[in-house]
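The residues making up each chain are set out below.
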Amino acid sequence: MEQNIARSSIEAQTIAFSAADGYPLSGTMYAAENPHASIIISSATGVPQGFYRRFAEYAAEQGFQVLSFDYRSIGASAPKSLKGFRMSYLDWGRHDLSSAIDLLAKQDLPLYMIGHSYGGQALGLTRNHQLVDAMQCFGTGAGWHGYMPWREKMKVQVIWNIVFPPMAAVKGYLPWSTLNMGADLPVDVYRQWRKWCKNPTYFFADPELQDLKKQFAQVQTPICALSALDDDWALPASRHAFMQHYSNAPMQFIDLKAQDYALNSIGHMGYFRKGAEQLWDQVLQQFKSMHSAIA
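Of regular secondary structure, the chain possesses 8 helices and 11 strands. Relative to the 2.2 N^0.38 estimate, which gives 19 Å for 295 residues, the radius of gyration of the chain is 18 Å and therefore close to what a compact globule would have. By principal-axis analysis of the C-alpha atoms, the chain measures approximately 50 × 40 × 40 Å. Scored against the burial criterion, the 295 residues of the chain give a buried share of 55%. Once local pairs closer than 6 in sequence are excluded, the contacts in the chain between residues at least 24 apart make up 68%. When the accessible surface of the chain is summed, it comes to about 12600 Å², and 50% of that surface belongs to carbon and sulfur atoms. Both charge centroids of the chain, one from 25 positive and one from 25 negative side chains, sit 9 Å from each other.

Counting 64 residues, the largest nonpolar core has Ile 40, Trp 92, Tyr 202, Phe 203, Phe 242 and Tyr 246 as the members making the most contacts within it. A per-element tally of this core places helix 4 (residues 150–171) first, with 6 residues. Aside from chain neighbours lying at most four places away, what touches Trp 92 is Thr 45, Gly 46, Tyr 71, Arg 72, Ser 73, Ile 74, Met 87, Leu 97, Tyr 118, Leu 185 and Val 189.

Looking now at the environment of Met 243. By the element assignment, Met 243 lies in helix 7 (residues 236–243). Considered as a pair, Met 243 and Gly 141 are 102 residues apart in the sequence and their alpha carbons are 7.4 Å apart.

A few words now on unusual backbone geometry. Negative phi values dominate among residues other than glycine, just as trans dominates among peptide bonds. The backbone phi angle of Asn 34 is positive, close to 50°, even though this residue is not glycine. Unlike most non-glycine residues, Ser 117 shows phi in positive territory, near 55°. Along the polypeptide, Ser 117 turns up in the loop between strand 6 (111–116) and helix 3 (118–122). Relative accessible area serves as the criterion here: at 15%, Ser 117 is assigned to the buried category.

What follows deals with the environment of Arg 194. Residue position: Arg 194 is located in helix 5 (residues 187–196). Its relative accessible area of 23% is what places Arg 194 among the partly exposed residues. Each C-alpha atom of the pair Arg 194 and Leu 131 lies 31 Å from the other, and the pair is 63 residues apart in sequence. For Arg 194, the residues in contact, after removing those within four places along its chain, are Trp 160, Asn 161 and Pro 165. At a separation of 3.2 Å, a polar atom in the side chain of Arg 194 contacts the main-chain carbonyl oxygen of Trp 160.

Let us look at the pairing of strand 10 (residues 223–228). The element strand 10 is largely enclosed, with a buried count of 6 among its 6 residues. Of the two faces of strand 10, both are covered, the one formed by Ile 223, Ala 225 and Ser 227 as well as the one formed by Cys 224, Leu 226 and Ala 228. For strand 7 (residues 134–138) and strand 10, the ladder comprises 4 bridges, and the chain directions are parallel. Bridge pairing in strand 10 links Phe 138 to Leu 226. Two strands pair when backbone bridges link them, and strand 10 and strand 11 (residues 251–256) are joined in this way by 6 bridges, in the parallel orientation. Across the sheet, Leu 226 pairs through a bridge with Ile 254, a residue of strand 11.

Looking now at the state of the cysteines. Throughout the structure, instances matching the rule amount to 0 disulfides. Of all cysteine sulfurs in the structure, the one in Cys 137 sits closest to Cys 197, which takes part in no disulfide; the separation is 16 Å. Among the cysteines around Cys 224, which has no disulfide bond, Cys 137 carries the closest sulfur, lying 7.6 Å off.

The next subject is the pattern of salt bridges. Counted according to the given criterion, the structure contains 7 salt bridges. Here Lys 195 and Asp 206 are joined by a salt bridge, their closest N and O atoms 3.2 Å apart. In this pair, Lys 195 is assigned in helix 5 and Asp 206 in the loop between helix 5 and helix 6 (211–217), connecting sequence segments 11 residues apart. The salt bridge involving Arg 239 is made with Asp 255; its shortest N-O contact spans 2.7 Å.

About the cut-offs
- Residues numbered from 1 in each chain as written.
- Predicted model: local features only at pLDDT ≥ 70, side-chain atom pairs only at ≥ 80, totals over all residues.
- Heavy atoms only, no water.
- Helix = DSSP H or I, 4+ residues; strand = E, 2+ residues; numbered from the N terminus.
- Rg over C-alpha atoms; globule rule 2.2 N^0.38 Å.
- Buried < 20%, exposed > 50% of the residue type's maximum accessible area, 1.4 Å probe, protein only.
- Contact = heavy atoms within 4.5 Å.
- Areas by Shrake-Rupley, 256 points an atom, 1.4 Å probe, with all protein chains shown as cover.
- Lys, Arg positive; Asp, Glu negative; His and termini not counted.
- Charge placed at Lys NZ, Arg CZ, Asp CG, Glu CD.
- Core = buried A, V, L, I, M, F, W, Y, C linked by side-chain atoms within 4.5 Å.
- Polar contact = N/O pair within 3.5 Å; in protein donor to acceptor, adjacent residues only side chain to side chain.
- Pairing = 2+ DSSP bridges.
- Disulfide = S-S within 2.5 Å.
- Salt bridge = Lys/Arg side-chain N within 4 Å of Asp/Glu carboxyl O.

Given below as structure tokens:
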């Protein structure tokens, strides 16, 4: 533990730990008094851990110990420069999330996971998914533009094929922050993501990654996959296209309507923004119910 962060009434501490391949990572542990379970937050692509702070504090106030962390190349886990930084998009799950799971699994508490977008994909990439008692994921889908509404489909096509290529070529990485879309991304992550999003079955269609089908089928962690009906990036068709590969995991699908949670909209990011407390209550109650069943 390195440094105390004064936020609300919850004690939060910055921690440093190593990924499975030795890469140094930075996270934040939100402590609860007499915690009854742990939650690990697996972030969306290019989203720093600070984005999930409000949810983490809210969960800690209800008795959950919560760990958020930055994947390599993101936020506090980024190198001084992304130019020339080499990695695979899969490293975030294979190495970074795997080590975060190991970190919390050392404690004698039920371990749950929140996955946002890529974060819901990442469980199947880990080497120790069996240590996670249950996952709830939000906005996790296959990324193919064909699952999106017409307007979003056209926008995504322009961004992928016209806007991003010259930006990445000039900078040597994807300066995503320039468009206020998230943290900058290594060029390897950008290239893989762009390649996979061209196919309805995402990276499962990659000839070099056919082992992932068997790997995802090994996951038996219960999963609840939630999608907002105004989340153009992960509508139910996109969600099903990806989640079907968790073929041996007990699966529940929930479609969310913003008005049911006193929200004007949810979109792809609103699951964790201020105002979504009614949704958080539902999520945490489901984990509490699972905890009662385990106990």
